[in-house]
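Okay, here's what each chain looks like letter by letter:
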Protein chains: 2
Amino acid sequence: MMNQREKHDRMANAIRFLSMDAVEKANSGHPGLPMGAADMATVLYTRFMKHDPKNPAWPDRDRFVLSAGHGSMLLYSLLYLTGYEDITIDEIKHFRQLGSRTAGHPEYGHAAGIETTTGPLGQGLANSVGMALAERILNARFGDALVDHYTYVIAGDGCLMEGISQEAISLAGHLQLSKLIVLWDDNNISIDGPVSLADSTDQLERFDASGWNTMRCDGHDPDAIADAIELAHHSDRPTLIACKTTIGFGAPTKAGTNKAHGSPLGADEIAATRKALGWTAPAFEVPSDILDAWRLSGLNAGKKRKEWEQRLAAAESEIRTEFERRMRGELPGGLDGAIAEYKQKLASDRPKVATRKSSEMALEVINAVAPETIGGSADLTGSNNTRTSQTKPISAGDYGERYVHYGIREHGMAAAMNGMALHGGVIPYSGTFLVFSDYARPAMRLASLMGIRSIFVMTHDSIGLGEDGPTHQPVEQLAALRAIPNHTVFRPADATEVAECWQLALESAKTPSTIALTRQNLSAVRTEFVEENLCAYGAYELATANGDAEVTIFASGSEVEIALAARTQLQAHGHPTRVVSVPAFELFEKQSDDYKAAIIGGAPVKIAIEAAIRLGWDRFIGLDGIFIGMTGFGASGPIEQIYPHFGITADATVKAAEAALHKKSH
Amino acid sequence: MMNQREKHDRMANAIRFLSMDAVEKANSGHPGLPMGAADMATVLYTRFMKHDPKNPAWPDRDRFVLSAGHGSMLLYSLLYLTGYEDITIDEIKHFRQLGSRTAGHPEYGHAAGIETTTGPLGQGLANSVGMALAERILNARFGDALVDHYTYVIAGDGCLMEGISQEAISLAGHLQLSKLIVLWDDNNISIDGPVSLADSTDQLERFDASGWNTMRCDGHDPDAIADAIELAHHSDRPTLIACKTTIGFGAPTKAGTNKAHGSPLGADEIAATRKALGWTAPAFEVPSDILDAWRLSGLNAGKKRKEWEQRLAAAESEIRTEFERRMRGELPGGLDGAIAEYKQKLASDRPKVATRKSSEMALEVINAVAPETIGGSADLTGSNNTRTSQTKPISAGDYGERYVHYGIREHGMAAAMNGMALHGGVIPYSGTFLVFSDYARPAMRLASLMGIRSIFVMTHDSIGLGEDGPTHQPVEQLAALRAIPNHTVFRPADATEVAECWQLALESAKTPSTIALTRQNLSAVRTEFVEENLCAYGAYELATANGDAEVTIFASGSEVEIALAARTQLQAHGHPTRVVSVPAFELFEKQSDDYKAAIIGGAPVKIAIEAAIRLGWDRFIGLDGIFIGMTGFGASGPIEQIYPHFGITADATVKAAEAALHKKSH
């Protein structure tokens with residue numbers, strides 16, 4: 001009979017050998033972290049994790065985030081060993097191969113048990129803050145019986161060096177997210193060599209300064225790790241446990257060095273590791289007693305799910321229905337009707353307001369019907385107009401509200417929103433200035449890659465913001481965001497389009513959205529009530545030509561009213577002109593070829609207007625089309641002067657159109 | 001006679017009234033910070049700053065960075081008051097107006113004394129780390145007599161909340177940049193309200209954890225501020241001085257609240273502030289005794305420059321010549337010859353190496369001739385190949401070397417590089433993976449806006465990196481970087497193009513560069529020695545068609561060899577085909593219309609190949625052109641399978657070309 005320690009060691013070694021053998025077979029990957037963190041992970045999964053490998057989507061499971069995503073084999077090993085069906089031994093043998101679930105870094109959606117896509121460092125840690133926050137929000141709504149779980153993270157030195165980690169930990173500390181527990185794989189090694197090459201931070205002091213509970217332990221002593229996690233469970237603050245580990249633990253010559261980090265150990269070193277750790281099983285074979293012990297831990301953990309199912313069954317039917325709807329990510333039934341009614345009102349009111357303001361108006365309607373929306377802003381609440389009457393600030397200990405003051409932390413905000421969306425039960429939306437989407441971009445990319453419903457509200461979306469000048473005026477951000485695959489960039493032109501874009505963003509469960517909104521007031525361009533969501537086409541004819549169109553003007557957002565004004569002039573000059581509003585390039589591309597051809601049309605002169613760079617607009621106007629927009633950075637000055645200064649006016653459009661018509665007719 | 005304190009108060013009040021009056025007149029801007037920080041700034045500029053308003057470019061001046069750039073009127077006031085010619089009272093009256101030097105946020109290049117463009121929060125703080133590092137590097141080379149100055153920063157709560165601040169302070173602490181002194185305008189207020197809405201960080205503890213010297217003082221007590229700065233001068237670590245201030249100091253009803261932050265105070269509040277502070281002068285008038293006192297402080301400060309000029313004159317002529325060349329930003333005379341010689345060698349060697357490797361080879365040549373290059377990497381030294389035999393690591397106290405281990409801090413790295421470039425005397429280049437340009441993007445944008453020579457080395461530039469998978473495979477980053485105005489994105493195809501691109505990047509003093517490089521080996525595509533730098537054209541004909549071209553293939557980087565292989569096949573099938581290498585879109589756009597038309601040519605079928613998204617390539621191939629590239633995110637797998645998986649092969653190119661030719665001929 002093995003004693004407990006021997007059993008632990010062999011269970012942890014199973015992770016180590018699966019990891020080093022998979023990396024060796026792939027001839028690519030990172031053995032160092034799984035080998036170093038195997039003890040922590042074994043303690044966590046065998047003694048603490050509330051999960052059910054047979055029902056991995058169970059809403060009240062503990063969340064585990066491998067923030068140091070390069071150590072993916074640690075996660076794949078855990079999922080295989082505890083009995084997740086998606087990760088078979090065959091998948092592990094096909095680590096890093098095309099089409100396998102076991103990608104180089106954990107990819108959300110590839111297999112159950114992968115709670116988020118990690119790899120870009122620091123993201124997982126920031127996701128976990130969102131998960132832990134979502135847990136508290138749902139707990140406040142649905143009670144301990146239905147929602148009461150931990151979020152565990154394994155983070156490496158790289159995660160802690162990235163700036164996003166500071167945004168994440170200061171937010172988590174501020175909100176006292178005590179069910180968030182971070183195990184730091186404190187191995188003193190980064191890719192270039194010892195961490196001391198580049199960093200001297202006292203991490204415990206740093207986390208302490210952010211309001212965390214901090215501890216140290218020997219990351220290879222299972223009881224010490226367990227004691228630390230146990231203590232963390234009793235903290236009223238988030239906890240960092242610095243687990244001192246040896247990277248590549250067990251590898252005789254490479255352990256403790258950067259040689260163990262990111263490449264196969266090699267056959268000799270692996271053989272020597274087998275000898276050193278007394279592991280006789282061949283590659284990809286886990287001795288049956290050890291595999292049994294792992295599977296049993298998975299089965300035992302699953303029992304808690306049955307208890308939870310009973311509690312769910314016993315819950316009031318209204319509560320249960322609402323909980324289940326929200327966890328499925330289904331929108332409330334009343335939403336469409338509320339938006340239709342609101343659109344009807346807009347058609348008669350025709351408000352002349354900034355789209356950031358009409359976004360607030362739309363949210364006022366949405367938030368009243370959809371209790372799952374959680375708003376926020378990176379300290380620009382009054383500018384982003386993301387707070388409505390229904391959303392009061394969440395604060396430490398008071399998680400029953402619906403608004404997050406994320407602080408001046410755009411990147412951490414976006415990543416936390418991703419964590420909330422991944423957790424489920426809430427739909428996060430939050431704002432900053434469009435130009436600062438650059439700060440949030442790595443997290444926005446991951447939202448797109450994962451295919452989750454994070455909604456980014458980006459106001460002050462052009463030079464139209466005026467005096468703040470070029471540091472605050474986006475010119476390339478629309479193009480740069482449109483460049484991200486599986487990301488819809490909405491740029492609505494008036495209050496009606498705003499309402500439609502919000503509806504589309506909410507309905508888009510597998511594609512994150514950016515909604516770009518103006519600071520400046522805009523006239524209503526949609527003056528008739530149309531029940532159909534016209535923005536769903538991505539581009540649609542807003543105004544027809546009074547005859548065979550000589551000119552088509554495409555525009556988005558604040559420039560649509562310029563397009564309409566130019567049309568009026570051109571038609572007065574005898575040039576039939578149509579205007580196409582283009583609220584979302586990505587949705588237009590999804591339309592039928594016939595629809596697209598009809599929208600682009602055959603007018604001899606095609607013009608696009610957007611107060612941003614041309615990149616991407618050739619799709620509509622062709623290479624010989626006329627673009628009225630920006631060619632460089634903006635300038636500081638009042639909006640009334642800025643638009644003319646850069647030649648973005650109806651007059652300039654008319655002039656360019658007539659010059660082109662003149663040229664064509666000669 | 002005023003006593004010293006009264007004099008200080010009136011001098012500080014001059015800043016306050018200039019600021020509030022300018023904001024009022026502009027009807028836009030941020031009075032709160034200048035009013036709150038006026039005391040710190042007055043102490044700094046009247047008692048410590050080594051600067052010369054009459055010779056503002058003096059290399060050994062202290063650098064002052066207003067990281068909280070929204071408080072721009074503080075800086076403009078200081079520059080006007082101390083006598084910088086660029087900032088007249090007329091400029092201050094035209095605050096935030098089109099064409100004035102006094103933009104909403106301080107814009108580098110608009111006026112002497114603006115050391116960097118700030119506004120996006122945290123950037124200035126990170127710039128200052130680069131400035132302080134450049135100072136130490138030059139000090140190690142040129143000695144105390146020529147280089148020995150401080151870098152002072154005023155940072156706000158927002159700067160400290162942004163993640164980039166953590167990257168900056170941990171790097172500064174690690175490198176013990178003791179001549180960096182940060183005055184934190186600790187006013188407890190952010191835009192949404194009290195900082196406590198979103199943050200509970202103990203900032204002093206946090207900075208202490210990063211190896212800083214930390215102090216607190218009353219930010220309205222001039223002697224306390226002076227004592228703290230004095231103490232900071234004797235620290236062996238960088239210093240944070242938390243100056244407790246009242247935002248909008250002096251404004252009777254708005255001081256200490258977010259109402260003072262970002263909008264005009266209004267006529268009534270300004271009148272009441274005049275009364276409260278005993279200021280009787282009308283708007284934009286500074287009482288002559290106060291203006292004299294300010295101007296005198298500027299004149300006195302300037303005396304140190306004369307002493308420095310004497311030391312420079314007394315320096316060895318070789319040292320002086322080298323120092324002056326480097327501070328002018330002129331490249332060494334031998335560089336062109338060294339690169340030409342190296343290109344000659346390449347034409348005969350034709351190495352088949354990754355472009356990241358040939359970048360190292362080029363740097364080996366460059367670094368031997370140009371002692372001002374300072375290399376680095378965000379913990380990917382062995383992957384980015386940015387370290388050469390000449391560049392050994394810089395460490396705390398040992399600043400005579402030329403390589404910076406920036407740590408896993410892409411954003412802080414890029415911003416520190418900007419600070420180094422702004423300081424002058426060094427040319428910073430440093431690397432990470434191209435996909436992580438997203439992390440560094442806000443700083444890369446500012447490099448472009450400022451027009452400075454930061455060179456970003458971005459390796460692993462496509463799905464060609466293989467197994468690490470979609471989190472690490474850039475697909476939209478090339479397009480997104482090309483979208484930034486005044487930023488050249490180089491994507492060289494072989495060792496010769498790499499050498500040429502490096503030469504162009506170094507010569508480009510007013511435009512930052514990104515050099516995108518492969519992980520995988522590439523064949524030499526340039527097999528003949530050409531002295532001329534062909535990459536300077538941005539796009540050039542690499543291979544002619546054997547007859548009237550039926551097909552033109554445009555490609556960049558690693559896809560050029562695919563284009564050449566496709567050309568061979570197409571010509572064998574009787575289809576004359578030319579290949580255009582496109583190492584830099586931006587440089588192509590600068591060529592004459594004739595050149596551009598000739599390069600694009602009239603071949604009936606135009607194809608572009610780039611292992612990235614299509615966005616931007618329509619410029620070359622037109623809307624009906626064929627694009628061989630990516631339409632979504634990548635996948636984890638070996639490169640040999642990844643390229644065929646996504647259809648980026650010579651065969652696919654040939655097939656598409658022939659199908660198009662077939663269609664055209666029918």
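Criteria and cut-off values
- Residues numbered from 1 in each chain as written.
- Chains lettered and ligands numbered in written order.
- Predicted model: local features only at pLDDT ≥ 70, side-chain atom pairs only at ≥ 80, totals over all residues.
- Heavy atoms only, no water.
- Axes fitted to C-alpha atoms, helices over the stretch in contact; angles between N-to-C directions.
- Helix = DSSP H or I, 4+ residues; strand = E, 2+ residues; numbered from the N terminus.
- Parallel < 35°, antiparallel > 145°, perpendicular 65-115°, else oblique.
- Contact = heavy atoms within 4.5 Å.
- Expected span 1.5 Å × (residues − 1).
- Bend = angle between axes of the 7 residues up to and from the residue.
- Buried < 20%, exposed > 50% of the residue type's maximum accessible area, 1.4 Å probe, protein only.
- Nonpolar A, V, L, I, M, F, W, Y, C, P; charged D, E, K, R; others polar.
- UniProt positions renumbered as here; feature names shortened; annotations may be inferred.
- Least-squares fit on C-alpha atoms with pLDDT ≥ 70 in both.
- Salt bridge = Lys/Arg side-chain N within 4 Å of Asp/Glu carboxyl O.
- Pairing = 2+ DSSP bridges.

Observations regarding the packing of helix α3 (residues 72-82) of chain A against helix α11 (residues 288-314) of chain A
Each pair of packed helices can be described by the angle between their axes along with the distance between the axes. All names here are of chain A. It is the contact of α3 with α11, at a shortest axis distance of 7 Å, that shows an interaxial angle of 85 degrees. The pairing of α3 with α11 is recorded here as roughly perpendicular in orientation. Packed against α3, whose contacting residues are Leu78, Tyr80, Leu81 and Thr82, the element α11 presents Leu291, Trp294, Arg295, Ser297 and Gly298 at the interface.

Focus on helix α2 (residues 32-48) of chain B
All names here are of chain B. Taking 1.5 Å of rise per residue, the 17 residues of α2 would be expected to cover 24 Å, and the 24 Å separating its terminal C-alpha atoms lies within 8% of that figure. Ala38 marks the point of greatest bend in α2, at about 55 degrees. Among the 17 residues in α2, 15 count as buried, and that is most of the element.

Looking at the packing of helix α1 (residues 4-26) of chain A against α11(A)
All names here are of chain A. Packing of α1 against α11 leaves a shortest axis separation of 10 Å and a crossing angle of 95 degrees. Classified by the interaxial angle, the pair formed by α1 and α11 is roughly perpendicular. Across the interface between the two elements, Lys7, Arg10, Met11, Ala14 and Ile15 from α1 touch Asp289, Ile290, Ala293 and Trp294 from α11. Classifying every residue of the contact of α1 with α11 by side-chain character gives 6 nonpolar, no polar and 3 charged.

Considerations on the UniProt feature "binding site: thiamine diphosphate" (unreviewed entry) in chain A
Residues and elements named next belong to chain A. Within this numbering scheme, the UniProt entry marks His70, Gly119, Pro120, Leu121, Gly158, Asn187, His261 and Phe436 as carrying the feature "binding site: thiamine diphosphate" (unreviewed entry). With the annotated positions falling across 367 residues, the maximum pairwise C-alpha distance of 34.2 Å shows that they are not confined to a single cluster. Checked against the element boundaries, His70 lands in the loop between β1 (63-66) and α3. For His70, the residues in contact, after removing those within four places along its chain, are His30, Leu33, Gly104, His105, Leu121 and His261. Among the residues examined, Asn187 registers a relative accessible area of 9% and is labelled buried. What Asn187 contacts, discounting residues up to four positions off in sequence, is Asp157, Thr245 and Ile247.

A look at the relation of the copies chain A and chain B
Between chain A and chain B, the superposition needs a rotation of 180 degrees and an axial shift of 0.0 Å, giving an RMSD of 0.0 Å. In symmetry terms, the pair is related by a two-fold rotation axis. Across chain A, the smallest distance between a C-alpha and the rotation axis is recorded for Gly163(A), namely 1.9 Å. Interface overlap between copies is the fraction of interface residues in one copy that are interface residues in the other; for chain A against chain B it reaches 100%, indicating a shared surface.

Regarding the pattern of salt bridges
Tallying each qualifying case throughout the model produces 72 salt bridges over all chains. Between Asp199(A) and Arg409(B) there is a salt bridge whose closest N-O contact spans 2.7 Å. Separated into two different chains, Asp199(A) in the loop between β5 (193-194) and α8 (203-209) and Arg409(B) in the loop between β10 (403-405) and α16 (410-423) make up a pair that spans both. The pair formed by Asp199(A) and Arg409(B) is uniform in burial state, with each residue classed as buried. Asp618(A) is the salt-bridge partner of Arg614(A), the closest N and O atoms lying 2.7 Å from each other. Residue Asp618(A) is classed as buried on the basis of its relative accessible area, which comes to 13%. One network of salt bridges, in which partners are shared, links Asp461(A), Arg482(A), Arg491(A), Glu559(A) and Glu610(A).

A short note on the sheet that holds strand β18 (residues 577-581) of chain A
Sheet strands line up and pair through hydrogen bonds in the backbone, either parallel or antiparallel. Residue and element names in this part refer to chain A. Taken in spatial order, the 5 strands of this open sheet run β16-β18-β17-β19-β20, and their pairing is mixed. In the strand order of this sheet, the two ends are held by β16 (540-543) and β20 (626-628), each with one partner. Taking each pair of neighbouring strands and ignoring which way they run, the sheet shows an average axis angle of 30 degrees. The sheet strands contacting helix α25 (residues 650-664) are β17 (551-555), β19 (605-609) and β20, and the helix crosses β19 at an angle near 160 degrees.

A short note on the UniProt feature "binding site: Mg(2+)" (unreviewed entry) in chain A
Residue and element names in this part refer to chain A. Feature annotation in UniProt assigns "binding site: Mg(2+)" (unreviewed entry) to the following positions: Asp157, Asn187 and Ile189. The greatest C-alpha distance among the residues just named is 7.7 Å, despite their covering 33 residues of sequence, which places them together in space. Mapped onto the fold, Asp157 is located in helix α6 (residues 157-161). Each residue touching Asp157, except ones within four places of it in the same chain, is listed here: Trp184, Asp185, Asp186, Asn187, Asn188, Ile189 and Val195. With respect to the helices and strands, the residue Asn187 is situated in the loop between β3 (180-186) and β4 (189-190).

Re the sheet that holds β3(A)
Residues and elements named next belong to chain A. Across the sheet, which stays open at both edges, the 5 strands sit in the order β1-β2-β3-β7-β6 with parallel pairing between neighbours. Edge positions in the sheet fall to β1 and β6 (213-218), since each has one partner strand and no second. Taking each pair of neighbouring strands and ignoring which way they run, the sheet shows an average axis angle of 20 degrees. Bridge count for β1 against strand β2 (residues 151-155) is 4 bridges, and the pairing is parallel. Each residue of the ladder has a partner; that of Leu66, found in β2, is Ile154.

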